[in-house]
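Remarks on the overall topology
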Amino acid sequence: WDNADFSRGVGTTFYQEFYTLNTAKPPFVRDVEAKIRRYLRSSYSAAWTLKITWEKAPAYAARTDTRKTNTYQAILTTDGFRSYVLMLYQEGGMQWDYTRLPATNALIGYT
């Protein structure tokens, strides 16, 4: 990981929360459920889902370069018993110039 830096007014972060227990599910939540079923071969019906989007996020420290940005999402979802996180990245993966980052061991994903 490396840090995103929004201090120069470039990029934004936003979120959308979906409560879907006993309610009609929007297409986005149905898509999340389908991904979990396909990748984990598990029956899954979301009760709650949170989509967080970092759009055009420059790398820390943005004072040196705001041209190369990343757009990515974290999707948290639970059925009340099991919880999952989906990490989605813009096509082409990491756009930050990792040779200019303070940490040289940046990763995409989580551990």
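Cut-off values and rules
Counting from 1, residues in each chain are numbered in the order their sequence is written. Selection of residues for local features in this predicted model requires a pLDDT of at least 70, selection of side-chain atom pairs for listing and counting requires 80 or more, and totals for whole chains, interfaces and linings are taken over all residues. Remark: hydrogens and water are excluded; side-chain values derive from all non-hydrogen atoms of the structure. Think of it this way: any DSSP run of H or I at least four residues long counts as a helix, any run of E at least two long counts as a strand, and we number them from the N terminus. We call a set of buried Ala, Val, Leu, Ile, Met, Phe, Trp, Tyr and Cys residues a nonpolar core when their side-chain atoms join them within 4.5 Å. Remark: exposure states derive from per-residue accessible area (1.4 Å probe, protein chains only) relative to the maximum for the residue type, with buried under 20%, exposed over 50%, and partly exposed in between. Any two residues whose heavy atoms approach within 4.5 Å at even a single point are treated as in contact. By definition here, a salt bridge exists when the distance from a side-chain nitrogen of Lys or Arg to a carboxyl oxygen of Asp or Glu is within 4 Å. Whether two strands pair depends on DSSP finding at least two bridges between them. As a rule, the C-alpha atoms of each element are fitted with a line to give its axis, helices using only the stretch in contact, and angles between N-to-C directions run from 0 to 180 degrees.

**Re the environment of Gly-92**
When you line up the elements, Gly-92 lands in the segment after β4 (83–89). Between the C-alpha atom of Gly-92 and that of Asn-70, which follows or precedes it by 22 residues, the distance is 9.8 Å.

**Structural notes on the nonpolar core**
Core analysis: the largest hydrophobic core is formed by 9 residues, namely Phe-18, Val-29, Val-32, Ile-36, Tyr-44, Ala-46, Ile-75, Tyr-84 and Leu-86. Elements supplying a minimum of two residues to this core: α1 (27–40) and β4. Per-element tally for this core: the top contributor is α1, with 3 residues. Every residue in contact with Val-32, bar those within four places of it in the chain, is listed here: Ile-75, Thr-77 and Leu-86.

**Overview of the pattern of salt bridges**
In total, this model carries 4 salt bridges according to the counting rule given. For Glu-33, the salt bridge goes to Lys-25, with nearest N and O atoms at 2.6 Å. Residue classification places Glu-33 among the buried residues on the basis of a relative accessible area of 4%. Ionic pairing is found between Arg-37 and Glu-33, a salt bridge with its closest N-O pair at 3.8 Å. Pair noted here: Arg-37 and Glu-33 are both in helix α1, with a separation of 4 residues, about one helical turn. Connected through salt bridges with shared partners, the residues Lys-25, Glu-33 and Arg-37 form a single ionic network.

**Brief notes about the sheet that holds β4**
Strand order in the open sheet formed by 4 strands is β1-β2-β3-β4, with antiparallel pairing between adjacent strands. Looking at strand neighbours, the two that pair on one side only are β1 (12–19) and β4, the edges of this open sheet. For this sheet the average axis-to-axis angle between neighbouring strands, irrespective of direction, equals 10°. Relative to strand β3 (residues 69–78), strand β2 (residues 48–58) runs antiparallel, the two being bridged by 9 bridges. Residue pairing in the sheet places Ala-57 in a bridge with Asn-70 of β3. In this fold α1 packs onto β1, β2, β3 and β4, with an angle of close to 100° to the strand it touches most, β4.

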